[in-house]
Amino acid sequence: MSGRNATGAVAVAGPLLLGVRHHGPGSARAVRAALDAARLTAVLIEGPPEGDALLPLAADPQMRPPVALLAHAVDDPGRAAFWPLAEFSPEWVAIRWALAHDVPVRFIDLPATHSLALKEPHGDRPGEETGPAETPELPEQEATPHVDPIRVLAETAGYDDPERWWEDVVEHRSPAADATADALAPFTALAEAMTALREAYGDGGHPRDAVREAYMRIQVRTARKEFGDGVAVVCGAWHVPALAARTTLAADRALLKGLPKVKAEMTWVPWTHRRLARHSGYGAGIDSPGWYGHLFGAADRPIERWMTKVAGLLREEDRFVSTAHVIEAVRLAESLAAMRGRPLAGLSETTDAVRAVMCEGSDVPLALIQDRLVVGETLGEVPDSAPAVPLQRDLTRSQRTLRLKPEALERELDLDLRKETDAARSRLLHRLRLLSIGWGEPAEGRGSTGTFRESWRLRWEPELHVRVAEAGVWGTTVATAATAKAESQALAATALSEVTALAEHCLLARLPEALPVVMKALADRAALDADVGHLADALPALARSLRYGDVRSTDTAALAEVAAGLAERICVGLPPACTGLDADGAEALRRQVDGVHSAIGLLVAGATPAEGLRDRWGAVLRKLAGRDTVAGIIRGRATRLLLDEGRLTEDEAALLMGLALSPGTPPTDAAAWIEGFVGGASGGGMLLVHDERLLSLVDAWLTGVPADTFTDVLPLLRRTFSAYEPGVRRTLGELVRRGPVPEGARNDGTDHAYPGFGPGLDQDRADAVEPVLHLLLGRTPVPAEATA
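None of the values given here were measured: they were computed from a predicted structure. (Residues numbered from 1 in each chain as written. Predicted model: local features only at pLDDT ≥ 70, side-chain atom pairs only at ≥ 80, totals over all residues. Heavy atoms only, no water.)

A. Broad picture of the overall build of the protein chain. The secondary structure content of the protein chain amounts to 34 helices and 13 strands. Residues classed as buried in the protein chain amount to 50% of the 788 residues present. Per element, the accessible surface of the protein chain, about 37200 Å² overall, is 53% carbon and sulfur. (Helix = DSSP H or I, 4+ residues; strand = E, 2+ residues; numbered from the N terminus. Buried < 20%, exposed > 50% of the residue type's maximum accessible area, 1.4 Å probe, protein only. Areas by Shrake-Rupley, 256 points an atom, 1.4 Å probe, with all protein chains shown as cover.)

B. Here's a closer look at the sheet that holds strand β12 (residues 440-443). Reading across the sheet, the three strands line up as β11-β13-β12 and stay open at both edges, with antiparallel pairing between neighbours. A single partner strand is all that each edge strand has here, and the edge strands are β11 (411-416) and β12. Neighbouring strand axes in the sheet, compared pairwise and without regard to direction, differ in orientation by 35 degrees on average. With six bridges joining them, β11 and strand β13 (residues 453-458) adopt antiparallel strand pairing. Bridge pairing in β13 places Leu415 opposite Glu454. Most of the contacts of helix α18 (residues 420-434) go to β11, to which it runs at about 120 degrees, and overall it touches β11, β12 and β13. (Pairing = 2+ DSSP bridges. Axes fitted to C-alpha atoms, helices over the stretch in contact; angles between N-to-C directions. Contact = heavy atoms within 4.5 Å.)

C. Examining the environment of Asp203 more closely. Topologically, Asp203 is positioned in the loop between α7 (185-201) and α8 (209-227). On the accessibility criterion, Asp203 (21% relative accessible area) is partly exposed. For the pair Asp203 and Trp238, spaced 35 residues apart in sequence, the C-alpha separation works out to 9.2 Å.

D. Structural detail: the packing of helix α13 (residues 302-316) against helix α16 (residues 364-375). It is the contact of α13 with α16, at a shortest axis distance of 11 Å, that shows an interaxial angle of 115 degrees. In the packing of α13 onto α16, the handedness of the crossing is right-handed. Residues Trp306, Lys309, Val310, Leu313 and Leu314 of α13 form the contact with α16, whose own contacting residues are Pro365, Leu368, Ile369, Arg372, Leu373 and Val374. For the contact of α13 with α16, the class distribution of residues is nine nonpolar, no polar and two charged. (Left-handed = near helix turned anticlockwise from the far one by under 90°. Nonpolar A, V, L, I, M, F, W, Y, C, P; charged D, E, K, R; others polar.)

E. Representation of the sheet that holds strand β8 (residues 105-107). With parallel pairing, the four strands of this open sheet are ordered in space as β3-β9-β5-β8. Single-partner strands in this sheet number two, and they are β3 (16-20) and β8. Taken over all neighbouring pairs, the strand axes of this sheet differ in orientation by 20 degrees on average, direction set aside. As paired strands, strand β5 (residues 42-45) and β8 are joined by three bridges and run parallel to one another. By the bridge assignment, Leu44 is partnered in β8 with Arg106. Here helix α2 (residues 90-100) sits on the sheet in contact with β3, β5, β8 and β9 (231-236), set at roughly 155 degrees to β5.

F. Spotlight on the nonpolar core. Grouped together as the largest cluster of nonpolar side chains are 109 residues, with contacts concentrated most on Trp439, Leu539, Leu574, Trp617 and Leu624. A per-element tally of this core places helix α24 (residues 557-577) first, with nine residues. In this view, Trp617 contacts Cys571, Leu574, Val593, Val596, His597 and Ile600; residues no more than four positions away in its chain are not counted. Grouped together as the second largest cluster of nonpolar side chains are 41 residues, Val321, Ala329, Val354 and Cys359 included. (Core = buried A, V, L, I, M, F, W, Y, C linked by side-chain atoms within 4.5 Å.)

G. How the structure looks around the packing of aromatic side chains. What the rule picks out here adds up to six aromatic pairs. With a centroid separation of 4.9 Å and an interplanar angle of 85 degrees, the aromatic rings of Trp291 and Trp306 are classed as edge-to-face. Placement of Trp291 in helix α12 (residues 289-297) and of Trp306 in helix α13 is noted, with a sequence separation of 15 residues between them. For Trp306, a relative accessible area of 3% puts it in the buried group. Judged by centre distance (5.1 Å) and plane angle (15 degrees), the ring pair of Trp673 and Phe677 falls under stacked. (Phe/Tyr/Trp six-rings, centres within 6.5 Å; stacked < 30°, edge-to-face > 60°.)

H. Spatial organisation of the pattern of salt bridges. With the rule as written, the count across this model stands at 38 salt bridges. A salt bridge links Arg340 to Asp352; its shortest N-O distance comes to 2.9 Å. Here Arg340 is found in the loop between α14 (323-339) and α15 (347-357), whereas its partner Asp352 is found in helix α15, with twelve residues between them in sequence. Here Asp352 falls in the partly exposed class, since its relative accessible area comes to 23%. We note a salt bridge from Arg418 to Asp416, for which the minimum N-O separation is 3.0 Å. The exposed category is assigned to Arg418, whose relative accessible area is 56%. (Salt bridge = Lys/Arg side-chain N within 4 Å of Asp/Glu carboxyl O.)

I. Representation of the confidence of the model for the protein chain within the structure. Confidence along the protein chain averages 81 in pLDDT terms, with 84% of residues attaining 70 or more. Contacts from residues 279-283, a stretch scored under 50 in pLDDT, to residues over four places away or in other chains number 22 contacts. Note that pLDDT drops below 50 for residues 744-757; the model gives that stretch 32 contacts with residues more than four away or on any other chain. (pLDDT = per-residue confidence, 0-100.)

Following this line, the structure appears as structure tokens:
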């Protein structure tokens, strides 16, 4: 009940129920107009009462929406929920209005201590949180289908798109119209519509709403006793009929009896427009937060201002867009709106106009506009005075010290570990990964593959605040928390590969206090594990750890001893393990042989206990290459590794290939040998390009495969040769197309069977390259007389 007094203000007689759509700019403007027009003594808002103490922070100059209230269970931080608010959210407008006019403001929804107890915890699925307003079925009530009230009203009005109906009826109301019309008219009409829907559909498939609405009615009664009848309630329009219903206090309390509880804490956290585009928190995700933000912020001529923004973005991407394009796009959007009977051009009309005028009919630039403007990459900010767990405060301090600002937009970060600041950034990011706070993910570097460089992809998501709260149980700083978690994981690990990976993480994150515990666990697991496959999986991580430790000036002597011991045990146990394997087992072991070979190369280059290891590994490869009982793919790979190391001459390699491809060898075994020798990204294609004997052997074998077995070997061969670079495949195809030159036709004085090969090694050209290689590798050339 309300009426206007002599000053034009609305005198409220009873609670003023302002039903809104969460995150709606039209609703936000209407709420502001209604609050300005009424004489109020208090403002009540749908939200968790634990947030009342945090409301004054909304007036802090450092607070910049979008932001969210984050509630989490103290004993289970993964059990959390968000209440997001944007600049154009009606609840945010009401909060700011109340603070600016010194009017008491409170939250009146079901407390988080109950709502968190009623919902499932997140577990290991960040980003799938369900806000308290999303209502699971209560067991004692019969489930009913969920009702979308906006869709029902839109269909009743003859619209096939509920978003378009809501925009036409509410969002496209101009600020001037709100100022001159009855400020309460839209709320009155919406309340009547929702009342009819509640009468037809009951709770609409949301049985927990009855509990929430009972609590809200109790809070409204309490506020009226304290502040009188001049109380405004800002809530979802769906709840207005329930809050206006006449019920008894005893009946409402009965609905709340026996609700479960958890101890909860609450704070403000930054939010993003991208997260507003998902259904979370209030259960009111929107598809176009950037567009809605523009509608709310544009005081006049919203379409002209939007087209100007689009033009500016396209110009930044080096697309030619003139002022004439902007004018024509505005005219086309307005014409489309008139043809479609809309009061104002909406997002669909502006998008169609931009596509036709500025994008020349292409949808490719529209994807950029959708991402940057329609959705947007805005990340909110909260003041330093907002409550936070100690770990969050330490992380914030580190981010500022290292100038690593959290951003919603994904970006690449290249680090040079020889620089103190970059090394500290690397340590922070690795420690956060160990704590399962995935702010950064390692990426392939553009500049270098050396150990002095790292590349990261950074992107801050609001859910990471929950991860920080969860990690807070390990310590109050990032370093101590990462150390404690590493120690715990080392003691709980059951597989050797888990401990070696953990040792690698500790070195990357520079956690010297955790290394003794990790090293003891590593030594214990290594001594007990006799599976060669497990040892082979573990060794590469240890070798990389030694390499990283050298770059980060970490003492890795104990790690080197363990790695050398593992390598020795692999040399002893690998040959017997390579027999009696099926195709999948042979392929897995081939990958392990590659990993061990690379790891031993690192160990020999930098670890004293590895003396003589290269020769022992070479002997193992010779055993693998020469045993018929070993799987073909492993024999082929061993032969190739020996050839690359210079431990096998070309004649010996050709002999082993000839034996593997002899007529008595089953075609599938021969194809597997070829895959091991020249397959993958090992440069096997270039080897065939430059060694005519190997090419001739492969060509002769392939052309001699019987037709009835060719289809059996084709998948292996296709997998092998499809990995080659296009240029390599083209060159090989050209050499094979020309075919071998008959002996009588060879007139170049050589014995080359294929055209295109030179008569031999050009020693002068090779000598010219050698000094450059020594310079690149940082090695001193060996005098010629020393090798004579």
